[in-house]
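Structural features, examined
Listed below are the residues making up each chain.
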Amino acid sequence: MAIIVRGPATPGHTDFTAGERGAMWSGEELDLDAYLERIGLRAGTGRAARELGPDLETLYEVHRAHTAAIPFESLDVLLGRPVELEVKALEGKLVRARRGGYCYEQNSLLAAALERIGFEVSGRGARNRTRGDSLLAVTHAVLVVTVDGEPWLCDAGFGYMGPREPVPLARPGTEVRQGPWTYAVHEEEEGVLVLRARRGEGWWDLYAFSPQRYHPVDYVVLNHYSSTHPRSSFVGKTIVQLPGDAVRKTLVGRELTRLFPDGRTEREPVDPDRLPALLDREFGLRLPERDTAELVRIHRSGD
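The present account deals with the structure reproduced in this document.

Parameters at a glance
Residues numbered from 1 in each chain as written. Predicted model: local features only at pLDDT ≥ 70, side-chain atom pairs only at ≥ 80, totals over all residues. Heavy atoms only, no water. Core = buried A, V, L, I, M, F, W, Y, C linked by side-chain atoms within 4.5 Å. Buried < 20%, exposed > 50% of the residue type's maximum accessible area, 1.4 Å probe, protein only. Helix = DSSP H or I, 4+ residues; strand = E, 2+ residues; numbered from the N terminus. Salt bridge = Lys/Arg side-chain N within 4 Å of Asp/Glu carboxyl O. Pairing = 2+ DSSP bridges. Contact = heavy atoms within 4.5 Å. Axes fitted to C-alpha atoms, helices over the stretch in contact; angles between N-to-C directions. 1 Å grid on protein atoms, 1.4 Å probe; cavity = no way out; pocket = protein on both sides within 12 Å on 5 of 7 lines; lining within 4 Å. Points joined across faces, edges and corners; volume = space filled by probe spheres on them. Nonpolar A, V, L, I, M, F, W, Y, C, P; charged D, E, K, R; others polar. Phe/Tyr/Trp six-rings, centres within 6.5 Å; stacked < 30°, edge-to-face > 60°. Lys NZ or Arg CZ within 6 Å of the ring centre and 35° of its normal.

Thoughts on the nonpolar core
Counting residues in hydrophobic clusters, the biggest one holds 46 residues, and the most contacted among them are Tyr35 and Val62. Taken together, the elements giving at least two residues each to this core come down to α2 (32–38), α3 (56–69), α5 (87–96), α6 (103–117), β5 (138–147), β6 (150–154) and α7 (216–228). Within the second largest apolar cluster, 20 residues are counted, among which are Met161, Tyr183, Leu206 and Tyr207.

What follows is the structure in structure tokens.
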């Protein structure tokens, strides 16, 4: 598909003024052409050219392409490296180096791209609810994008169970089909919204978030905890995930799990020596030789 952006797509030039949409997520710093190529939205795909602007069709298209192309992964945390959230750092890692990232990276990059296109984007902080009744801290970053006055939940960073497409927020309780997967947002007391996914015959809470707006600086603090605190679920653990259409895949430690829409799961042990080939085959990740050798060493150390 040939993409035509409303306004210049050259980094450093925007069609909105500082202090408006460009100030929040630093979208004016993003090389939008490189980002669109990374997620597969570029000229020459055989589809008719159309204008890319802040409309619902574009939001669906970019969100779906992003989640298909950029895997969820926290390998830098495992390797003991800092996780940077500045736009140019995200562009260098997720776009040009073709790596993945976890929620703060994924959604900060998505926010910058959407803002660069002209969308109104705000952040939210969410509590993971996939661990039963445990009350967890707010550590997940999500986005709310407003289109024609209506809010949409956008989240490219919840891993293999996350939505592939935007989810409407204006009509709580509405079930949304995304291929064979179904989501719904339910409202609780004090305006708390809960994203739920159908799994088999039942519903599963994914996370809950309040109306309070979060800013990029808030994600810097949450990112520091998630990437360094000894109790963080990302520290000392291999986590790579991808929310596919027919199957959702997650690698945690030495086990690869495939989740199917009907609730079935398949589990496969991963030998350390097979890890590099598996990352490439299942998730499209090819790390530099030094990083690959270190990951294999870490996995072997568990023997």
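Things to note about the pattern of salt bridges
Across all of its chains, the model carries 27 salt bridges by this definition. Put simply, aspartate 280 and arginine 286 hold a salt bridge, and the shortest N to O gap is 3.1 Å. Salt bridges sharing partners connect three or more residues here, namely Lys249, Arg258, Glu268, Arg274, Arg281 and Glu282.

Things to note about the sheet that holds strand β3 (residues 72–73)
An order of β3-β12-β13-β14-β15 is seen for the five strands of this open sheet, with the pairing classed as antiparallel. Two strands in the sheet have a free side with no partner beyond their single neighbour: β3 and β15 (265–269). Those strands touched by helix α8 (residues 275–283) are β12 (239–243), β13 (248–252) and β14 (255–259), and its axis lies near 160 degrees from that of β13.

So, the layout of surface pockets
Its boundaries defined by the atoms lining it, the largest pocket holds a volume of some 700 Å³. If you go around the largest pocket, you meet 27 residues; those closest to its centre are Asn128, Thr130, Arg131, Ser233 and Phe234. Elements with a minimum of two residues in the lining of the largest pocket: α6, β5, α7, β12 and β13. Taken together, the residues of the lining of the largest pocket sort by class into 13 nonpolar, eleven polar and three charged. If you go around the second largest pocket, you meet 15 residues; those closest to its centre are Leu85, Glu86, Val87, Pro216 and Val220.

A look at empty space enclosed by the protein
Following the criterion strictly, the structure yields two cavities of 30 Å³ or more and no others. Reported here for the largest cavity is a volume of approximately 70 Å³. If you trace the largest cavity, you find 15 residues lining it, with Thr67, Ala156, Gly157, Gly159 and Pro243 closest to the centre. Top contributing element to the lining of the largest cavity by residue count: β12, with three residues. Residue composition of the lining of the largest cavity, grouped by class: eight nonpolar, six polar and one charged.

Brief notes about the packing of aromatic side chains
Scanning all chains against the criterion turns up nine aromatic pairs. Measuring from centroid to centroid gives 6.2 Å for phenylalanine 72 and phenylalanine 234, while their planes differ by 40 degrees, and the two rings are tilted. Placement of phenylalanine 72 in strand β3 and of phenylalanine 234 in the loop between α7 and β12 is noted, with a sequence separation of 162 residues between them. Of the residues examined, phenylalanine 234 reaches a relative accessible area of 15% and is grouped as buried. Three or more aromatic residues link up through ring pairs in this structure, and these residues are Trp25, Phe72, Tyr102, Tyr104, Tyr214, Tyr219 and Phe234. One Lys or Arg, lysine 249, reaches over the ring of phenylalanine 283 and ends 5.9 Å from the middle of that ring.

Regarding unusual backbone geometry
For arginine 98, which is not glycine, the phi dihedral falls at a positive 60 degrees. Locating arginine 98 in the fold gives a position in the loop between α5 and α6. Its identity is not glycine, yet aspartate 148 carries a phi of approximately 50 degrees, on the positive side. Relative to the elements of secondary structure, aspartate 148 occurs in the loop between β5 and β6. The class of aspartate 148 is exposed, set by a relative accessible area of 80%.

As for the sheet that holds β6
Within the open sheet, the eight strands sit side by side as β7-β6-β5-β4-β11-β10-β9-β8. Their pairing is antiparallel. Edge positions in the sheet fall to β7 (167–168) and β8 (175–178), since each has one partner strand and no second. The sheet contact formed by strand β10 (residues 193–199) and strand β11 (residues 202–209) spans seven bridges and is antiparallel. Bridge pairing in β11 links arginine 198 to tryptophan 203. In this fold α3 packs onto β5 and β6, with an angle of close to 5 degrees to the strand it touches most, β6. The sheet strands contacting α7 are β4 (120–128) and β5, and the helix crosses β5 at an angle near 145 degrees.

By themselves, these figures tell us nothing about what the structure is for.
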